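Architecture at a glance
Listed here are the chains, written in short residue letters.
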Amino acid sequence: MIIVTTLAQHVENDEKYDEREKQYMYSMARLFSYNIPVYGVISESHNDNNFKPKHDFPFEKVIEIPSIDKQLTKSQKEFYSIKTLLETTSLDEDTWVIKVSGRYLVYNDIFVNTIKDASDKTKAVIRLCDNDTQMYTFLFALRFKYFKKFFMNYNLPNNINLERFILLYLQSNLNEDEIQVVNQLGIYCNIADCNVFTYF
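A brief structural summary. (Residues numbered from 1 in each chain as written. Predicted model: local features only at pLDDT ≥ 70, side-chain atom pairs only at ≥ 80, totals over all residues. Heavy atoms only, no water.)

**Let's talk about the pairing of strand 11 (residues 187-190)**
Sheet topology note: the strand 5 (residues 105-106)/strand 11 ladder contains two bridges and is antiparallel. Counted as the bridge partner of L105 is Y188 from strand 11. Summarising the sheet, strand 11 and strand 12 (residues 197-199) pair through three bridges and their orientation is antiparallel. Opposite C189, over in strand 12, you have T198 as the bridge partner. (Pairing = 2+ DSSP bridges. Helix = DSSP H or I, 4+ residues; strand = E, 2+ residues; numbered from the N terminus.)

**Here's the deal with empty space enclosed by the protein**
Enumeration over the complete set of coordinates arrives at one cavity of 30 Å³ or more. If you add up the space inside the largest cavity, you get close to 50 Å³. Lining the largest cavity are I3, L31, Y34, I98, V100, V106, F111, V112 and L139. For the lining of the largest cavity, the elements supplying multiple residues, two or more each, are strand 4 (96-101) and helix 4 (110-117). Of the residues belonging to the lining of the largest cavity, the class tally is nine nonpolar, no polar and no charged. (1 Å grid on protein atoms, 1.4 Å probe; cavity = no way out; pocket = protein on both sides within 12 Å on 5 of 7 lines; lining within 4 Å. Points joined across faces, edges and corners; volume = space filled by probe spheres on them. Nonpolar A, V, L, I, M, F, W, Y, C, P; charged D, E, K, R; others polar.)

**Some points on the nonpolar core**
Formed by 30 residues in total, the largest nonpolar core has its most connected members in F147, F150 and L170. Listed by contribution, the elements that provide at least two residues to this core are strand 1 (2-8), strand 2 (38-43), helix 3 (74-86), strand 6 (124-126), strand 9 (139-143), helix 5 (144-153) and helix 6 (162-173). Among the elements that make up this core, the one with the highest residue count is helix 6 (six residues). Apart from the residues lying within four places of it in its own chain, the contact partners of F147 are I82, L86, V97, K99, F140 and L142. Counting residues in hydrophobic clusters, the runner-up holds 29 residues, among them F32, I36, V106 and C189. (Core = buried A, V, L, I, M, F, W, Y, C linked by side-chain atoms within 4.5 Å. Buried < 20%, exposed > 50% of the residue type's maximum accessible area, 1.4 Å probe, protein only. Contact = heavy atoms within 4.5 Å.)

**Regarding a nonpolar patch on the surface**
Together, Y26, L105, Y107 and Y199 make up a nonpolar patch on the protein surface, roughly 450 Å² of accessible area in all. Mapped onto the elements of the fold, Y199 is located in strand 12. (Patch = residues over 30% accessible without salt bridge, like charges linked within 9 Å, V, L, I, M, F, W, Y side chains within 5 Å. Areas by Shrake-Rupley, 256 points an atom, 1.4 Å probe, with all protein chains shown as cover. Salt bridge = Lys/Arg side-chain N within 4 Å of Asp/Glu carboxyl O.)

**Structural notes on the pattern of salt bridges**
Applying the stated criterion across every chain yields a total of four salt bridges. Across the pair K121 and D177 runs a salt bridge, and its minimum N-O distance is 3.6 Å. You can see K121 sitting in the loop between helix 4 and strand 6 and its partner D177 sitting in the loop between helix 6 and strand 10 (179-181), a full 56 residues away along the chain.

**Considering the sheet that holds strand 10**
Here we have seven strands laid out as an open sheet, ordered 3-2-1-4-9-6-10, and mixed in their pairing. Here the strands that pair on one side only, and so sit at the sheet edges, are strand 3 (61-64) and strand 10. The sheet shows a mean angle of 15 degrees between the axes of neighbouring strands, taken without regard to direction. Here strand 1 pairs with strand 4 via five bridges, running parallel. The residue of strand 4 that forms the bridge with I2 is V97. Its contacts with the sheet put helix 3 on strand 1, strand 2, strand 3 and strand 4, and the angle it makes with strand 2 is roughly 130 degrees. (Axes fitted to C-alpha atoms, helices over the stretch in contact; angles between N-to-C directions.)

**Section: the packing of helix 3 against helix 5**
Packing of helix 3 against helix 5 leaves a shortest axis separation of 9 Å and a crossing angle of 120 degrees. The angle between helix 3 and helix 5 places the two elements in the oblique class. Handedness of the crossing formed by helix 3 with helix 5: left-handed. Taken together, the residues of helix 5 that come into contact with helix 3 (itself represented by F79, I82, K83 and L86) are F144, F147, K148, F150, F151 and M152. Here the contact of helix 3 with helix 5 is built from residues that sort into eight nonpolar, no polar and two charged. (Parallel < 35°, antiparallel > 145°, perpendicular 65-115°, else oblique. Left-handed = near helix turned anticlockwise from the far one by under 90°.)

So, in structure tokens, the structure goes:
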């Protein structure tokens with residue numbers, strides 16, 4: 001089992017930068033408490049050598065993306081950053097990959113325990129949203145075979161969001177009984193910095 005977490009270093013102003021850095025520090029402390037290898041992807045990096053999350057935690061591997069096309073959406077930037085990480089990552093295909101947004105705080109163990117208890121037949125653990133037409137992508141888990149296949153074999157189109165695109169991929173590549181749908185993720189989110197904090 002590994003964790004892949006995504007961080008974005010570039011922000012519009014210093015005040016927001018400091019706020020984001022604190023969020024990442026809280027979140028990283030929680031993720032590293034599991035003693036599971038953590039792989040980090042820092043997108044939109046502006047090469048700040050003092051970026052605390054990168055230096056204060058023992059990442060298994062960190063990939064920094066110094067410049068990404070500004071025309072890309074936030075989801076596309078994250079997608080291509082993970083693709084870059086996977087170009088140099090090789091794991092057993094049955095290894096669980098927990099993908100989590102580095103800005104949001106995992107506040108209990110329910111999701112990690114679900115992965116630990118999953119049957120050999122289970123290939124994906126997700127939570128659905130929007131009348132079951134999408135899935136949350138700030139926290140989900142796939143076996144490495146399917147995680148790598150999705151990010152390496154596909155590109156995220158402009159006319160569909162990641163939450164919809166990855167669900168369609170899973171439904172096309174897995175049997176229904178290989179996808180475990182959960183009702184609780186145990187993560188605390190401030191989506192789009194709108195200052196509305198929600199437990200999922």
